[in-house]
Every structure is written in C-alpha cells, then in structure tokens.
Amino acid sequence: MSKQITFSIDGVEVKGKEGQTILQAADEAGIYIPRLCYMEGLVPHGSCRVCTVIVNGKPQTACTQPIAEGMTVENDTPELKEHRRNIIDMLFIEGNHFCMFCEKSGNCELQALAYRLGILSPKFPYFFPKKDIDATHPDIFLDLNRCILCGRCVEASKDIDRKGVFDFVGRGINKKIAVNAEANLKDTNLAIADKAADVCPVGSINKKHTAFATPIGKRLYDVKPIGSEIEERKK
Amino acid sequence: MSKPKIATASLAGCFGCHMSLLDIDERILKLIELVDFDKSPINDIKEFTGRCAVGLIEGGCANEENVHVLQEFRKHCDILVAVGDCAIMGDIPAMRNNIPLKECLEEAYLNGPSIHNPEKVIPNDKELPLCLDRVYPCHEVVKIDYSLPGCPPNADIIWQAVVAILTNKPLDLPYELIKYD
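The rules behind the values
Residues numbered from 1 in each chain as written. Chains lettered and ligands numbered in written order. Predicted model: local features only at pLDDT ≥ 70, side-chain atom pairs only at ≥ 80, totals over all residues. Helix = DSSP H or I, 4+ residues; strand = E, 2+ residues; numbered from the N terminus. Rg over C-alpha atoms; globule rule 2.2 N^0.38 Å. Buried ≥ 20, exposed ≤ 12 C-beta atoms within 10 Å, placed from the backbone. Contact = placed C-beta atoms within 7 Å. Nonpolar A, V, L, I, M, F, W, Y, C, P; charged D, E, K, R; others polar. Domains from an automatic or database assignment. Pairing = 2+ DSSP bridges. Core = buried A, V, L, I, M, F, W, Y, C linked by C-beta atoms within 7 Å. Axes fitted to C-alpha atoms, helices over the stretch in contact; angles between N-to-C directions. Expected span 1.5 Å × (residues − 1). Arc of directions from axis to C-beta.

With that settled, the discussion passes to the overall build of chain A. Helix and strand content of chain A: five helices and ten strands. Its C-alpha atoms give chain A a radius of gyration of 19 Å, within 12% of the compact-globule value 18 Å for 235 residues. In terms of its C-alpha atoms, chain A occupies a principal-axis envelope of roughly 55 × 40 × 35 Å. By the burial criterion, 40% of the 235 residues in chain A qualify as buried. Contacts in chain A between residues at least 24 apart in sequence constitute 66% of all its contacts with a sequence separation of at least 6.

This brings us to the interface of chain B and chain A. Size of an interface, as often reported, equals the accessible area lost when the parts are brought together. In this complex, chain B contributes 22 residues to the contact, which on the side of chain A involves 17 residues. Residue contributions to the side of chain B that touches chain A peak at three residues, all from helix α4 (residues 85-89) of chain B. Grouping the constituent residues of the side of chain B that touches chain A by class yields eleven nonpolar, five polar and six charged.

What the domain assignment reports for chain A is domain 1 (4-74) and domain 2 (85-207). Domain 1 of chain A and domain 2 of chain A are separated by 25 Å when their C-alpha centres are compared.

What follows covers the sheet that holds strand β6 (residues 133-134) of chain A. Spatially, the three strands line up as an open sheet ordered β6-β7-β10 (chain A), and their pairing is antiparallel. Bordering the open sheet on either side are β6 and β10 (205-207) of chain A, each of which pairs with just one other strand.

Glancing now at unusual backbone geometry. A cis amide bond, omega -5°, links B:Cys151 with the succeeding residue B:Pro152. Position of B:Pro152 relative to the elements: it lies in the loop between β7 (146-148) and α6 (155-166). Its identity as a non-glycine residue notwithstanding, A:Arg49 has a phi of 70°, on the positive side. Along the polypeptide, A:Arg49 turns up in the loop between α1 (22-29) and β3 (52-55).

Below, the discussion takes up the nonpolar core. Residues A:Ala26, A:Leu110 and A:Cys153 are the most contacted members of the largest nonpolar core, which totals 59 residues. At five residues, helix α3 (residues 109-116) of chain A tops the list of elements feeding residues into this core. Split by domain, the residues of this core number at least three in each of domain 1 (4-74) and domain 2 (85-207) of chain A. A:Cys153 has contacts with A:Phe166, A:Ile177, A:Ala196, A:Val199, A:Cys200 and A:Ile205, leaving out every residue within four places of it along the chain. Membership of the second largest hydrophobic core comes to 38 residues, among which are B:Ile88, B:Leu148, B:Trp159 and B:Ile165.

The next thing to look at is the environment of B:Ile57. Residues and elements named next belong to chain B. In this fold, isoleucine 57 is placed in strand β3 (residues 52-58). Judged by C-beta crowding, with 31 C-beta atoms within 10 Å, isoleucine 57 ranks as buried. Considered as a pair, isoleucine 57 and alanine 87 are 30 residues apart in the sequence and their alpha carbons are 6.6 Å apart. The residues touching isoleucine 57, leaving out its near neighbours within four places in the chain, are Ala9, Leu11, Leu70, Phe73, Leu80, Val81, Ala82, Val83, Ala87 and Cys138.

The next thing to look at is the sheet that holds strand β2 (residues 12-17) of chain A. All names here are of chain A. Spatial ordering of the open sheet is given by β2-β1-β5-β3-β4, a layout of five strands whose pairing is mixed. Looking along the sheet, the strands with just one partner apiece sit at the ends: β2 and β4 (58-61). Neighbour-to-neighbour, the strand axes of the sheet open up by a mean angle of 40°, direction not taken into account. Judged from the six bridges that link them, strand β1 (residues 4-9) and β2 form a sheet pairing that is antiparallel. Bridge pairing links isoleucine 5 to glycine 16 in β2. Sitting on the sheet, α1 touches β1, β2, β3 and β5 (72-74), and the angle it makes with β2 is about 115°.

Once that is clear, we can look at helix α2 (residues 78-94) of chain A. Residues and elements named next belong to chain A. Relative to the 24 Å expected for 17 residues at 1.5 Å per residue, α2 spans 24 Å between its end C-alpha atoms, a close match to the ideal helical length. All of the buried residues in α2 are Arg84, Ile88, Leu91 and Phe92. Viewed along the axis of α2, the buried residues span an arc of 100°, placing them on a single side of the element. For α2, exposure combined with an orientation more than 90 degrees from the buried face picks out Pro78, Glu79 and Glu82. On the buried face of α2, the contacting elements are α3.

Let us look at the environment of A:Ala25. All names here are of chain A. By the element assignment, alanine 25 lies in helix α1. Considering only alpha carbons, one finds alanine 25 and cysteine 200, 175 residues apart in sequence, at a separation of 24 Å. Beyond its immediate chain neighbours, meaning those up to four positions away, alanine 25 contacts Val14, Gly16, Gln20 and Ile67.

Below you can see the structure in the form of structure tokens.
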C-alpha cells in the first residue's frame with residue numbers, strides 16, 4: 001500500500017498515491033489537465049508542453065512531475081489556457097492540417113484540443129511546409145504533413161512492439177519522423193497489429209481501408225469535448 | 001431607420017459556404033427582416049452601394065482579383081467575417097502552396113495526362129487575373145474580425161454568428177457547432 005499524498009489543484013484538495021505524476025492523480029480525481037503527447041502506457045517525456053501547470057509558482061509538465069505533499073497546482077487559469085492555445089495554434093501552422101479530408105477528423109486529439117479551447121481563428125501566418133507521404137506499406141500509410149512530433153509512435157515501437165520502426169531525425173524546424181529502413185515504410189517490419197500503428201493522436205499514421213467508417217455526429221469528439229470522460233469520473 | 005447592410009463574396013472557394021448560408025432555410029425570411037443584401041453573388045449586385053455592417057468572405061486569395069475584392073470588403077464593411085476553412089487557412093486551393101506556381105501551371109495546361117493543348121500555351125490574356133505565388137488565407141491579407149470554421153460551416157453557426165453580430169450580442173457558439181471539417 002503506497003503512501004497517500006494530499007495536494008491541491010486550483011484550490012481543490014486532491015488525494016493521490018506516492019509515485020504518481022500530477023496528471024495521473026488528477027485523472028483519478030476527475031480533473032482534466034489538457035495533454036497531447038502523453039499516452040497511458042507509454043513513458044511520458046513532457047515534450048508537447050500542453051499539460052504545463054504551475055506547481056508552487058513554477059511551470060512544470062504535469063505528465064512528468066511527481067506529486068508531493070502539500071503542493072499547490074494551478075491548471076485551469078486564463079494564462080495557462082492562453083499558453084495551451086498558443087501551442088495548438090503553432091502546431092496547426094507548422095504542418096499542413098487539412099481537416100476536411102483527413103481520415104482522423106473527428107477523432108483527432110489535436111483538433112479536439114482546438115475545439116475544447118474554442119479556437120476559431122488562426123493567430124499566426126501559415127508555413128505550408130513541403131512534407132512527405134509514405135504509402136508504400138500494404139496496410140499503413142505515413143503522412144508527415146500532419147505529424148506533430150509527439151513521439152508516441154517512437155516510444156510504442158521501441159518499448160512495446162520492441163521493433164524500433166520509427167525515430168526522430170534532424171533538429172529544430174527540420175526535425176521529423178523517419179522509418180528504420182533503407183527506403184520506405186514497406187521495408188520495415190511494422191505490422192498492422194503493432195501498438196505503434198494505433199497511437200498516433202493525429203492523422204499521420206493511418207490504417208488503410210478503414211477510413212470514414214464512422215459517420216459525422218458519431219465520432220469521438222463530435223458531441224463531447226476531449227477530456228469529458230475524465231471529468232465524468234468526478235463525483 | 002434603414003436596415004443595416006450585409007455583403008458576401010466568394011474568393012478562391014467552391015461556393016459551398018454560400019450554399020451553407022442558403023441552408024438556413026426559412027430563417028432567410030428573418031434574415032431579410034434584419035438586413036438588406038448589398039454586393040453579393042446571391043443578388044448579383046457587383047459594386048458596393050454604401051457602407052455595410054457585415055461582410056462575409058468565403059475563400060482565400062489565389063489571384064490578384066481576390067486580393068482586390070478582399071481589400072474592397074475591408075474598406076466597406078464594419079465587421080469582416082472569414083467564413084469557412086478556405087478563408088481561414090487557404091484549404092484545398094492552398095494544397096498548391098508548397099509546389100512552385102510554374103510547376104502547377106505546367107501540370108494544368110501542358111503536362112497533365114488529359115491535356116490537349118497543341119499550341120502549348122499557358123493562358124496569359126491580360127483580362128485574366130494573375131495567379132499569386134501561393135494561396136493566402138484572408139487574415140494574412142487584411143484584418144479579419146471573426147472566423148467561422150468548417151468545410152463548409154454549418155448553416156446554424158453562420159446563422160447564430162450573423163444574428164449575434166447584427167444584434168450586438170457576444171459570439172457564444174456551442175461546442176457541437178465548431179468543426180474544422
């Protein structure tokens with residue numbers, strides 16, 4: 001039995017277990033902290049910064065920061081909302097996110113976060129970068145236009161599938177996902193049942209022959225905002 | 001007092017957003033009680049007849065005429081609304097944005113698989129508006145006051161937004177109406 005730890009999120013007392021991160025404890029308590037790169041079951045690395053909260057006055061990523069007795073966490077504040085909005089805005093302009101024909105639309109976590117944050121207008125000029133599409137694999141295609149570099153596929157392929165199909169190459173604005181093969185995705189040992197084929201939060205890694213199966217109105221985020229399932233745990 | 005005026009334009013768009021505007025069905029009768037239509041493809045008025053309260057813009061700027069029309073709208077309208085994803089981020093027309101314009105024109109008029117063009121001429125009549133190097137979202141050309149996303153935006157979101165603007169109410173749109181597709 002691990003030790004119970006009491007701390008507060010936005011002035012509300014939350015009880016968690018020793019060793020939990022702020023995000024895990026908040027999830028159990030039914031408090032939604034927006035997140036993008038984090039996924040249950042993968043090693044969190046705090047790279048997207050969407051889950052940034054203010055811990056005892058300092059910004060920390062909730063997915064990596066362990067809870068401690070008596071800590072005060074700010075989550076739902078206008079400043080943090082603005083900060084999260086800016087990150088989402090920048091992710092949209094950095095890639096080519098054409099939602100209207102994207103297979104992931106309606107089930108996309110990036111889009112869902114934008115909806116939840118109420119983003120109607122873009123804030124910045126669009127980059128319209130040139131990106132590659134790899135459709136060589138029989139079951140899966142990779143569209144880097146929509147990649148947000150969350151690293152979920154890298155982690156899942158390395159730690160769960162034990163294959164290491166994906167990794168990052170390049171730095172800064174030139175950073176991108178590459179496949180572990182001489183040429184294309186078809187030359188890797190990626191299989192459709194792999195965890196890595198399932199974790200993409202956006203429409204970057206897609207399973208072929210499965211598109212547009214769910215009608216508009218019945219998709220994951222059509223009616224309820226992302227995070228509602230966590231907030232519903234709250235008594 | 002005379003009614004406020006509304007103007008609409010379709011730039012580099014498909015007219016889908018205008019179709020969605022007409023999709024407000026019988027509420028169009030209420031709309032006519034609220035506003036008079038000025039320059040718009042719906043009534044085919046070509047030039048502004050005066051100051052407008054609201055301008056609805058569909059589509060981004062793909063050629064110099066689009067830019068001219070958009071600037072005219074900014075000049076004549078108190079509130080300018082980017083309606084639909086093309087106006088907001090360029091959208092389908094903007095898929096050419098990371099391909100050089102020359103390559104696009106050559107593909108369309110010289111090299112495409114179904115092209116019959118024995119003279120090998122890319123249209124260059126001076127009556128034709130010049131294509132821009134890329135498609136520009138409206139907010140990169142003039143100041144935009146509100147955006148209504150969607151491809152096309154639902155008729156309800158257009159209706160609620162236009163009514164809110166005309167009646168000086170805050171734009172408080174329900175979650176289910178905000179869609180990027």
